[in-house]
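# Structural characterization, general
This is what each chain is made of:
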Amino acid sequence: MPKRRSLAGNCAIGVFVIAAVTVVVSFCSPSWLVSDYRITGAKLNRLGLWTHCFRSLPDIRDEYQRRFFVGCRWIYDPFTTGYDQIRGYLIPPFMVATQFFFTLTFIETLLNLILVLVFFLCAGPDQKRYVQLIKIIGLLLLGGGISGGIAVIVFASCANRKDWMPGQVNNFFGWSFGLAVVGVCMSLIAGTLFLVEANIQKKKRKYLKESQTRFELDQETKA
């Protein structure tokens, strides 16, 4: 019985698992940018795509500095008084772009999770759409990797600038951002491996078809 997948296909599944885990964790975790915990007067604790954690952030709209935001909150928190008024400060255009492109990566990763499970558990070379399935997975992974690449580049270029989060000198990129970079790289590698697998399966199918044709011609000649 011929193998259902080549080495490239098996490696692609393994790399995809790493990509999926790192993308999902980085998307949900609040440590894209963190402050040095050793700095006692730091105002920022850490922030992610959807959550901000502050030690003591003054309301930039309060000239008398009577309101401070402490603790972790969802960016779109509707319950904290005044939080909606500084949302433009918390989510500048570059952050919106980061959220948008990495959300595309997240959605494509979830979609690919379903397709890869179908590829791993159900699909086989004897099925008509087998090669097309592998190509779709590969292209989606490449698209997600490119989208995620844009997100991490934009964030890396703009997040630790002087005019955004306080304490810029003591802020640095956290483990969530590191996982996002790993996830993007693994997505691109997995996508490439799936396209290689699609090419291998296409050549195998062509070879089997040609072999079958030659066999039928030989049978007709002998008859």
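- As annotated in an unreviewed UniProt entry, the protein is Claudin domain-containing protein 1 from Frankliniella fusca.
- Reading the Subcellular location (unreviewed entry) entry of the UniProt record for the protein gives the comment "Membrane".

## Some words on the packing of aromatic side chains
- According to the stated counting rule, one finds 14 aromatic pairs in the structure shown.
- Measuring from centroid to centroid gives 5.9 Å for Trp32 and Phe177, while their planes differ by 65°, and the two rings are edge-to-face. Placement of Trp32 in the loop between helix H1 (7-28) and strand S1 (33-35) and of Phe177 in helix H5 (residues 175-222) is noted, with a sequence separation of 145 residues between them. As far as the burial class goes, Trp32 and Phe177 line up, both buried.
- These aromatic residues form a ring-pair network of at least three members: Phe27, Trp32, Trp50, Phe102, Phe106, Phe155, Phe173 and Phe177.

## Brief notes about the environment of Gly124
- Topologically, Gly124 is positioned in the loop between helix H3 (93-121) and helix H4 (130-158).
- Overall, the relative accessible area of 5% leaves Gly124 in the buried class.
- When the C-alpha positions of Gly124 and Arg5 are compared, they lie 8.2 Å apart, and in sequence the two are 119 residues distant.
- Not counting the four nearest positions on each side in its chain, Gly124 is found in contact with Arg4 and Tyr130.

## Focus on the nonpolar core
- Within the largest apolar cluster, 27 residues are counted, with the highest numbers of intra-cluster contacts made by Leu47, Leu90, Met95, Phe102, Phe155, Trp164 and Met165.
- Of all the secondary-structure elements, those providing two or more residues to this core are H1, strand S2 (44-47), helix H2 (87-90), H3, H4 and H5.
- Of all the elements, H3 adds the most residues to this core, at 4 residues.
- Leave out the neighbours within four places in its chain, and Leu47 touches Pro30, Ser31, Trp32, Leu33, His52, Met95, Phe155, Trp164 and Met165.
- Counting 20 residues, the second-largest nonpolar core is a separate cluster that includes Ala19, Leu115, Val116 and Phe119.

## Focus: the packing of H1 against H3
- Two elements in contact, H1 and H3, have axes whose closest approach is 10 Å; the angle formed by their N-to-C orientations is 145°. Crossing geometry of H1 relative to H3 is assigned as left-handed. Facing H1, whose interface residues are Gly9, Ile13, Phe16, Ala20, Val23, Val24, Ser26 and Phe27, H3 presents Phe102, Thr103, Thr105, Phe106, Thr109, Asn112, Leu113, Val116, Phe119 and Phe120.
- Among the residues making up the contact of H1 with H3, the classes are represented as 12 nonpolar, 6 polar and no charged.

## Topic: the UniProt feature "transmembrane region" (unreviewed entry) in the protein
- The feature "transmembrane region" (unreviewed entry), as annotated in UniProt, sits at residues 7-27, 100-121, 133-155 and 175-196 in this numbering.
- With 100% helix and 0% strand, the stretch residues 7-27 has end C-alpha atoms that lie 30 Å from each other.
- With 100% helix and 0% strand, residues 100-121 has end C-alpha atoms that lie 32 Å from one another.

Here is what the cut-offs are and how they apply
Residues numbered from 1 in each chain as written. Predicted model: local features only at pLDDT ≥ 70, side-chain atom pairs only at ≥ 80, totals over all residues. Heavy atoms only, no water. UniProt positions renumbered as here; feature names shortened; annotations may be inferred. Phe/Tyr/Trp six-rings, centres within 6.5 Å; stacked < 30°, edge-to-face > 60°. Helix = DSSP H or I, 4+ residues; strand = E, 2+ residues; numbered from the N terminus. Buried < 20%, exposed > 50% of the residue type's maximum accessible area, 1.4 Å probe, protein only. Contact = heavy atoms within 4.5 Å. Core = buried A, V, L, I, M, F, W, Y, C linked by side-chain atoms within 4.5 Å. Axes fitted to C-alpha atoms, helices over the stretch in contact; angles between N-to-C directions. Left-handed = near helix turned anticlockwise from the far one by under 90°. Nonpolar A, V, L, I, M, F, W, Y, C, P; charged D, E, K, R; others polar.

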